[in-house]
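Tertiary structure, described
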Amino acid sequence: MSSSSRPAQRLLWAQTALEDPNLQLHSASADASFRSYWRGESGGRTWIVMDAPPDKEDTGPWLAMAKRLTDAGLNAPAVRAVDAERGFVLMSDLGTRLFLPELGEGTVDTLYGQALDALLRMQTRLPSDDLPPYDEARLVAEMELMPTWFFERHLGFTPECEQWDVIESAFRALVNAAAAQTPVFVHRDYHSRNLLIGESGDPGILDFQDAVRGPMTYDLVSLLRDCYIEWPQARVEAWVEGYRQRAEAAGLRTGDAARFLRAFDLMGLQRHLKVLGIFCRLYYRDGKAGYLNDLPLVWKYTREVGRRHPETAELVALIEQAIGDRDIRLPSA
């Protein structure tokens with residue numbers, strides 16, 4: 001299938017699946033992968049077509065996770081038709097109201113309350129024993145994106161041997177902290193750009209195909225230290241402790257408040273180090289405009305949290321040295 005014929009084939013497939021030759025599709029969104037999403041109206045309701053080019057994306061994990069979520073009563077898209085060979089999926093439309101643009105002082109407690117309710121259901125109802133483990137190899141490979149893409153490609157900074165010792169020591173501490181947590185179902189991208197406001201108060205959940213079995217604070221920190229919006233530290237800590245108490249009551253082992261908050265902090269550092277690399281890779285390798293503009297908030301989280309913990313303070317100092325006085329939103333030559 002040539003690239004020029006794909007839009008026509010996508011439309012014809014959707015028209016056939018819905019038995020509606022008049023259906024038209026319009027861009028709904030594109031994510032950080034090669035998938036794209038298209039919206040059309042038929043039979044008095046709207047539908048979404050996911051276009052996942054089979055040479056670049058595998059629809060299998062997405063379909064398996066969608067079923068796992070919907071079977072547990074969570075608000076994920078319901079699948080109407082699939083063409084796995086060509087990479088097309090027709091699904092229900094969860095709407096257009098993403099959390100991010102609607103989050104504010106008057107809405108955040110309600111919306112985050114709904115998101116935390118759904119998260120607790122994911123962590124207590126969804127089986128995860130059969131999922132890939134969020135283990136040392138995966139955690140380290142993710143963090144290594146930071147020196148490769150943020151240090152070397154974006155900042156033009158190549159660490160020396162003793163500086164690599166600092167990096168690897170911090171990575172080891174973060175891996176150990178993650179391994180000590182209770183393992184649960186982990187969505188991996190549970191944040192305001194992947195959650196939709198649901199009519200029933202049950203948030204629509206997107207981009208779940210990379211789910212793994214791993215540390216219970218990972219999705220919590222993705223939501224509460226979101227790479228796209230920031231909340232005061234005291235407020236974040238109150239949400240964290242409220243969630244810890246509910247999780248403990250639901251049968252999850254959390255440890256005491258101080259231990260859980262430390263685990264949350266260090267898990268966030270692992271995630272934000274990874275994201276520093278991912279946002280740069282999305283720009284330089286994939287041509288995804290705009291992600292460099294999100295680097296300052298991710299770096300702010302990394303700096304503020306990393307300084308609080310002796311295991312990571314030296315790494316933060318090294319990153320500060322690498323950045324110097326440059327504006328990290330600006331691309332390198």
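Shown above is the structure to which this text applies.
Cut-off values and rules
- The written sequence of each chain sets the order in which its residues are numbered from 1.
- Only residues with pLDDT of at least 70 are given local features in this predicted model, and only at 80 or more are side-chain atom pairs given and counted; all residues enter the totals for whole chains, interfaces and linings.
- To get the side-chain values, all heavy atoms of the structure are used, and hydrogens and water are removed first.
- In this scheme, a residue with accessible area under 20% of its type's maximum is buried, one over 50% is exposed, and one in between is partly exposed, where area comes from a 1.4 Å probe on protein chains only.
- Only runs of H or I of at least four residues qualify as helices and only runs of E of at least two qualify as strands under DSSP, and these elements are numbered from the N terminus.
- Taken from the helix axis, the directions to the C-beta atoms give the arc we talk about.
- For this analysis, residues touch if any pair of their heavy atoms sits within 4.5 Å.
- Grid points spaced at 1 Å and placed over the protein atoms alone form the basis of the search, with a cavity being a set where a 1.4 Å probe fits but cannot get out and a pocket an open set showing protein on both sides within 12 Å along at least five of seven lines. Lining residues have an atom within 4 Å of a point.
- Grid points are joined across faces, edges and corners, and a volume is the space filled by probe spheres set on the points.
- Amino acids are sorted into nonpolar (Ala, Val, Leu, Ile, Met, Phe, Trp, Tyr, Cys and Pro), charged (Asp, Glu, Lys and Arg) and polar (every other residue, Gly among them).
- Pairing between two strands requires that DSSP report at least two bridges joining them.
- When the sulfur atoms of two cysteines come within 2.5 Å, that pair is taken as a disulfide.
- Patch rule: a residue counts if its relative accessible area is over 30% and it has no salt bridge; like charges are joined within 9 Å, and nonpolar side chains (Val, Leu, Ile, Met, Phe, Trp, Tyr) within 5 Å.
- Exposure was quantified through the Shrake-Rupley algorithm and a 1.4 Å probe, taking into account, for residues, occlusion by the shown protein chains and nothing else.
- Salt bridge, as applied in this entry: a Lys or Arg side-chain nitrogen positioned within 4 Å of an Asp or Glu carboxyl oxygen.
- Charged residues are defined narrowly, with Lys and Arg counted positive, Asp and Glu counted negative, and His plus the chain ends left uncounted.
- All charge positions are set by atom: Lys at NZ, Arg at CZ, Asp at CG, Glu at CD.
- Take the number of residues in a helix, subtract one, and multiply by 1.5 Å to get its expected span.

A short note on helix α5 (residues 136-143)
If you check which residues of α5 are buried, you get Leu-139, Glu-142 and Met-143. The arc that holds every buried residue of α5, seen down its axis, measures 95 degrees, which confines them to one face. Each element contacted by the buried residues of α5 is listed here: α6 (145-155), α7 (161-179) and α10 (257-284).

Regarding the side chain of Asp-265
Mapped onto the secondary structure, Asp-265 falls in helix α10. According to the relative accessible area criterion, Asp-265 is buried, its value standing at 4%. Setting aside residues up to four positions removed in sequence, Asp-265 forms contacts with Arg-225, Val-305, Arg-308 and His-309.

Examining empty space enclosed by the protein
Inspection of every chain in the model, using the stated rule, returns one cavity of 30 Å³ or more. If you add up the space inside the largest cavity, you get close to 30 Å³. What lines the largest cavity is simply Leu-269, Leu-273, Thr-302, Gly-306, Thr-312, Leu-315, Val-316 and Ile-319. Only α10, α11 (295-308) and α12 (310-323) provide two or more residues apiece to the lining of the largest cavity. Of all the elements, α12 adds the most residues to the lining of the largest cavity, at four residues. When grouped by side-chain class, the residues that make up the lining of the largest cavity number five nonpolar, three polar and no charged.

Some words on the pairing of strand β2 (residues 36-42)
Regular strands have side chains that alternate between both faces of the sheet. Summarising burial for β2: five of the seven residues are buried, a large majority. Taken together, the seven bridges between β2 and strand β3 (residues 45-51) define a ladder with antiparallel strand orientation. Residue pairing across strands places Glu-41 opposite Thr-46, the latter belonging to β3. Linking two consecutive strands that pair antiparallel, namely β2 and β3, is a turn of two residues; a positive phi of about 65 degrees is found at Gly-43 within it.

Quick look at the state of the cysteines
This model, assessed by the stated rule, comprises zero disulfides. Cysteine Cys-227 remains unbridged, with the sulfur of Cys-280 as its closest cysteine sulfur at 12 Å.

Describing a negative patch on the surface
Taken together, Glu-144, Glu-160, Glu-162, Asp-165 and Glu-168 make up a surface patch of like negative charges. Mapped onto the elements of the fold, Asp-165 is located in helix α7.

Section: the pattern of salt bridges
Scanning the model with the defined rule gives 27 salt bridges in all. The salt bridge partner of Arg-10 is Asp-51, with a shortest N-O separation of 2.6 Å. Placement of Arg-10 in helix α1 (residues 6-18) and of Asp-51 in strand β3 is noted, with a sequence separation of 41 residues between them. In this structure, the salt-bridge partner of Glu-142 is Arg-188, at a minimum N-O distance of 2.3 Å. Taken as a pair, Glu-142 in helix α5 and Arg-188 in the loop between β6 (183-186) and β7 (195-196) lie far apart in primary sequence, 46 residues in all. Each member of the pair, Glu-142 as well as Arg-188, carries the same accessibility label: buried.

Some thoughts on the pairing of strand β4 (residues 79-83)
Pairing of β4 with strand β5 (residues 88-92) involves four bridges; the strand directions are antiparallel. Directly across from Asp-83, in β5, lies its bridge partner Phe-88.

What to know about α7
Taking 1.5 Å as the rise per residue, α7 with 19 residues should run 27 Å; its terminal C-alpha atoms sit 27 Å apart, in good agreement. Listed as buried for α7 are Gln-163, Val-166, Ile-167, Ala-170, Phe-171, Ala-173, Leu-174, Val-175, Ala-177 and Ala-178. Its buried side turned inward, α7 meets α5, α6, β9 (212-215), α10 and α12.

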